[in-house]
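# Structure at a glance
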Amino acid sequence: MQRISKPQVASRAASVLRSMRCGSNSNEPTLMTNSEAFVETLVSRDVKVVFGIVGSAFMDALDLFPAAGIRFLSVQHEQGAAHMADGYARVTGKHGVCIGQNGPGITNFVTGVAAAYWTGSPVIAITPEAATMTKGLGGFQECDQLPIFETITKEQVHVVNPARMAELTGYAFDSALRENGPVQLNIPRDFFYGENKFKIPRVNLPELSAGGTNSVKQAAELLRGAKNPVLVVGGGVVNSCTGYEVAARIADYLQTPVATTYLHNDAYNSDSNLWVGPLGYCGHKAAMHCVSEADVVLALGTRLGPFGANPQYGFAYWPENAKVIQVDIDPRRVGRVKDVTVGIAGDAGLVGQQLLDQLKAGGKPACLGNVDARMKKMNAHKQAWEKELLDMADANQPAAEESGRLVPRKVLRELEKAMPRNAMVATDIGNSCSVSNGYLRFNQPRSYLAALTFGNCGYAFPAAIGAKVGCPDRPSVAYVGDGAFGMSFNELLTCVREEVPTTVVTFNNQQWGAEKKNQVLWFGDRYVGTNLRNPETGFAGIAKATGCRGVTITSLDEVGDALREACKLQESGVTTVIDVHTTKELGDPFRRDAMKLPQRILSKYKDFSEEAESATGQPVDLYRSKTA
C-alpha cells in the first residue's frame, strides 16, 4: 500500500501555488530515468533548496540537482537539516525539504520532523531506504523506516514501484501543503535507477474552506451581541494567505483587544494599539486579563493547545463563562482542548472575512457602544504589565552586581530595543529563552520561530539558518541557552561552509535553567545534572574556532550595539555568536501543572522529602559567578 493516509482538511496559501514552476509538467508520458522523474517533480513543486548530508542512497538523483537549479545545502547533522527545512518553510510558506542516508541518517531526522508536526510546517522528509532485494537481510544501514515516523507525520508516502516515482513524489509534496505538516516520502534506494515513461503530475491542492454557512452566521451573531469581545490569533492566521490582514480588519472594526497564542507573537502587528501581547507560558498578563474578562472570545487560526491556555503566574485566566468561537483549519482540533460555543473548520482568513462581512451587513455590534471604557481598561492592563516587567527585571539586580553578570530580563529588553524591525527570530526551549516570549514583538508575519509545544532543545539555531536561506535579505537571529547550544553549535560550520550568515545570542548562565528551576522549587535545591562548566573562552571562542565571529558581553550597555552590529554584518556574510554572561536568575517553571513535592518512603531517602516550595524561587547559587 503506497499511501498511509491521515486525512485532514485541505490547506495552504494560493501564493505558494502561484510561485510553483511547471518543470516538465506534460500530459504526455516522457521517457526518463527514475532519478530524472524524481528531480523533475521537485522542480514542478518549486523546490529551490534541499537540506541534508550527502549519501550514496540518493546520489544518482543528487547528481542532477545543480542542473535542475536545486541547491543542496550540506549540514552537520540531519536533525539540523530537518529544523532548517522547518525554518525555511515557516518564513516562506513553501515546502521545506530534507534528505539523508538510509538508516542512521534517517533516524537522525526524528526530532526535527516531530517538531515540524507540532509547528504545522510543510516539511518533506525524503527517506531513501534499504534496497528491495536486500531489505530484511540485516544489511548495511538497514532499518524499517515507516513505523518510526508514523505518529509524527501528517502522511507517509512509500514509492512501491519505480514507475510511480513522479506520481507519488508529487502526491507527497501536495499532501504537505494540504495537511499543514510534515510528510515522509520513503523511496527504496534501488528505485532511483532504471527508466520509465513518466508524466510529471500537476499540483493538486483543493480550494480552501471558508467555513460552514450556519456556523459562520451563528458566530457572527455572537460577536454582534458581545459587549466585551477579545480576539485571540494563532499560527493559522500566519499560514493563511489573508489571515493576518483580515484579523487586523476584524479588530479595527470591533475595536477589540488582540492577544496572540503561545509563541505566535508574529500573528498580529505589535505596533497596533489593540495588541495586548502573547498568552501562555511567560506571556503578557495584559493579554491574560483581557481574555479573562471577555464575554466572547474569537479564537482565529488556533488549536487552543493546553500549554497556551494553562494558568500562568498563578492566574487561571481562561474564561469559564465566555462564549468561545474557535476557527481552525483542522476539524479534529476544533473543540479538542477547550469547550467551544461555535466551532468552525476553515482557513482563518477566509472564515474571518465571512465573519466581518456578516457583521458589517447587520446591526451595529454592541461593543461599539462602549469602546472608550473598554480601551481605558485595556490600556490600564498594558501599563500595569509593563510596570511589572520593569519590577521583575530589577528584583535580582544585586545578584548581577555581586556576580559580575547581567540580569537576563534586562538583556532581553536591550535586545528587544535593538532588534531590526524586519528580523526573523528563532528561540530555543529553556528558561531564559522562554522568558523572551514577553519581550519579542513583530510587525509582520512569518517572523517568529520556535519548536512550540514539542519543546526540543537545539531547534533555534538551525531553524534560524533555514529562515535565512529562505529570506536572505532579512536578518536572522537565534536565542539559545548554553545547555541547548551544545546540541546545535556544530551548525556554525554550516554557516561558514555554505555562506549562510546568521546571528546567535547565547544566554551563558552555566546551567540547564528550565530543569534547575524544578530542583529549586520542588527538590530542595539539590542540583543533579543541571550545573554546567563552560569553556574558559566561552561560546565566542567556539565561534572563532569554526571561522565565525565571536563576541563576549559582560556589560548591559554593550548588548544593543552588539546585536545591531551582528545583524548588519550579515549583509557581509558574517555569522556572529554573541555570548552574553547572565546571572542564574530563573523565570517561572514550565510544568507547574505536572510537578509535585517529593514524599519518600524508604528510610535511606527520608532526607529527600520536601514539605514546601522554595521561599525565594531562585537558585541558592544565584550570587555566584561560577559553579563548582
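The sections below set out a description of the structure shown in this document. (Residues numbered from 1 in each chain as written. Predicted model: local features only at pLDDT ≥ 70, side-chain atom pairs only at ≥ 80, totals over all residues. Heavy atoms only, no water.)

## Side note on the layout of surface pockets
- Empty space within the largest pocket amounts to approximately 520 Å³.
- As for the largest pocket, its lining consists of 31 residues, of which Ile 429, Gly 430, Gly 455, Ala 514 and Phe 590 are closest to the centre.
- The set of elements that each furnish at least two residues to the lining of the largest pocket consists of helix H18 (431-435), helix H20 (482-485) and helix H22 (513-522).
- The element contributing the most residues to the lining of the largest pocket is H22, with 4 residues. (1 Å grid on protein atoms, 1.4 Å probe; cavity = no way out; pocket = protein on both sides within 12 Å on 5 of 7 lines; lining within 4 Å. Points joined across faces, edges and corners; volume = space filled by probe spheres on them. Helix = DSSP H or I, 4+ residues; strand = E, 2+ residues; numbered from the N terminus.)

## A few points about the environment of Leu 279
- For Leu 279, the location among the structural elements is in the loop between strand S12 (275-278) and helix H13 (285-292).
- Given a relative accessible area of 2%, Leu 279 falls into the buried group.
- Once the C-alpha coordinates of Leu 279 and Pro 257 are considered, the two residues, 22 residues apart in sequence, prove to be 13 Å apart.
- Not counting residues up to four positions away in its chain, the partners in contact with Leu 279 are Val 232, Ala 259, Thr 260, Thr 261, Tyr 262, Ala 287, Met 288, Val 291, Gly 308, Tyr 317 and Asn 437. (Buried < 20%, exposed > 50% of the residue type's maximum accessible area, 1.4 Å probe, protein only. Contact = heavy atoms within 4.5 Å.)

## Details of unusual backbone geometry
- The backbone phi angle of Gln 141 is positive, close to 55°, even though this residue is not glycine.
- Looking at the element boundaries, Gln 141 is found in the loop between strand S6 (123-129) and helix H8 (145-148).
- Notably, Glu 499 is not glycine yet its phi reads approximately 55°, a positive angle.
- Assignment of secondary structure puts Glu 499 in the loop between helix H21 (492-497) and strand S19 (503-508).

## What to know about empty space enclosed by the protein
- This structure, assessed with the given rule, holds 4 cavities of 30 Å³ or more.
- Roughly 800 Å³ of volume is contained in the largest cavity.
- In terms of lining, the largest cavity is formed by 47 residues, of which the most central are Thr 119, Gly 235, Gly 236, His 264 and Arg 303.
- For the lining of the largest cavity, the elements supplying multiple residues, two or more each, are helix H5 (78-92), helix H7 (110-119), helix H11 (235-239), strand S14 (323-328) and strand S17 (448-450).
- A per-class count over the lining of the largest cavity returns 18 nonpolar, 19 polar and 10 charged.
- Of the volumes computed, that of the second largest cavity is approximately 100 Å³.
- Lining the second largest cavity are 15 residues, with Tyr 262, Leu 263, Thr 427, Asp 428 and Ile 429 positioned closest to its centre. (Nonpolar A, V, L, I, M, F, W, Y, C, P; charged D, E, K, R; others polar.)

## Some points on the packing of H13 against helix H15 (residues 371-394)
- Running from N to C, H13 and H15 point in directions that differ by 150°, and their axes come no closer than 8 Å. Once H13 is placed against H15, the crossing between them reads as right-handed. Contact residues: H13 offers Lys 285, Ala 286, His 289 and Cys 290, while H15 offers Met 378, His 381, Lys 382, Trp 385 and Glu 388. (Axes fitted to C-alpha atoms, helices over the stretch in contact; angles between N-to-C directions. Left-handed = near helix turned anticlockwise from the far one by under 90°.)

## Some remarks on the nonpolar core
- Val 233, Leu 300 and Ile 325 are the most contacted members of the largest nonpolar core, which totals 56 residues.
- Per element, the largest residue contribution to this core is 6 residues, and it comes from helix H12 (residues 243-254).
- Once residues lying within four places of it in the same chain are set aside, the contact partners of Ile 325 are Ala 219, Leu 222, Leu 223, Val 296, Val 297, Leu 298, Ala 299, Val 342 and Ile 344.
- Counting 46 residues, the second largest nonpolar core, distinct from the first, contains Val 75, Val 113, Val 123 and Leu 492. (Core = buried A, V, L, I, M, F, W, Y, C linked by side-chain atoms within 4.5 Å.)

## Observations regarding the pairing of strand S5 (residues 96-99)
- Burial of the side chains of S5 extends over both faces: Gly 96 and Cys 98 are buried on one face and Val 97 and Ile 99 on the other.
- Across 2 bridges, the pairing between strand S3 (residues 49-52) and S5 is parallel. Following the sheet pairing, Gly 52 is matched in S5 by Ile 99.
- Relative to S6, S5 is paired through 4 bridges, and the arrangement is parallel. For Ile 99, the partnering residue across the bridge sits in S6 and is Ile 126. (Pairing = 2+ DSSP bridges.)

## Description of the side chain of Arg 45
- By secondary structure assignment, the location of Arg 45 is in the loop between helix H2 (34-44) and S3.
- Of the residues examined, Arg 45 reaches a relative accessible area of 1% and is grouped as buried.
- Of the polar contacts made by the side chain of Arg 45, one reaches the side chain of Ser 44; its length is 2.9 Å. (Polar contact = N/O pair within 3.5 Å; in protein donor to acceptor, adjacent residues only side chain to side chain.)

## Quick word on the pairing of strand S21 (residues 576-581)
- With respect to burial, S21 is a largely interior element, 6 of its 6 residues being buried.
- The side-chain alternation of S21 yields two buried faces, one formed by Thr 576, Ile 578 and Val 580 and the other by Val 577, Asp 579 and His 581.
- Bridge analysis of S19 against S21 gives 6 bridges, and the strand direction is parallel. The residue bridging Asn 508 from the neighbouring strand is His 581, located in S21.
- Across 5 bridges, strand S20 (residues 549-553) lies against S21 in parallel orientation. Within S21, the residue paired with Ile 553 across the bridge is Val 580.
- Following the backbone out of S20, through helix H24 (residues 559-569) and into the adjacent parallel S21, one traces a crossover that is right-handed. (Right-handed = clockwise from strand over helix to strand, strands pointing away.)

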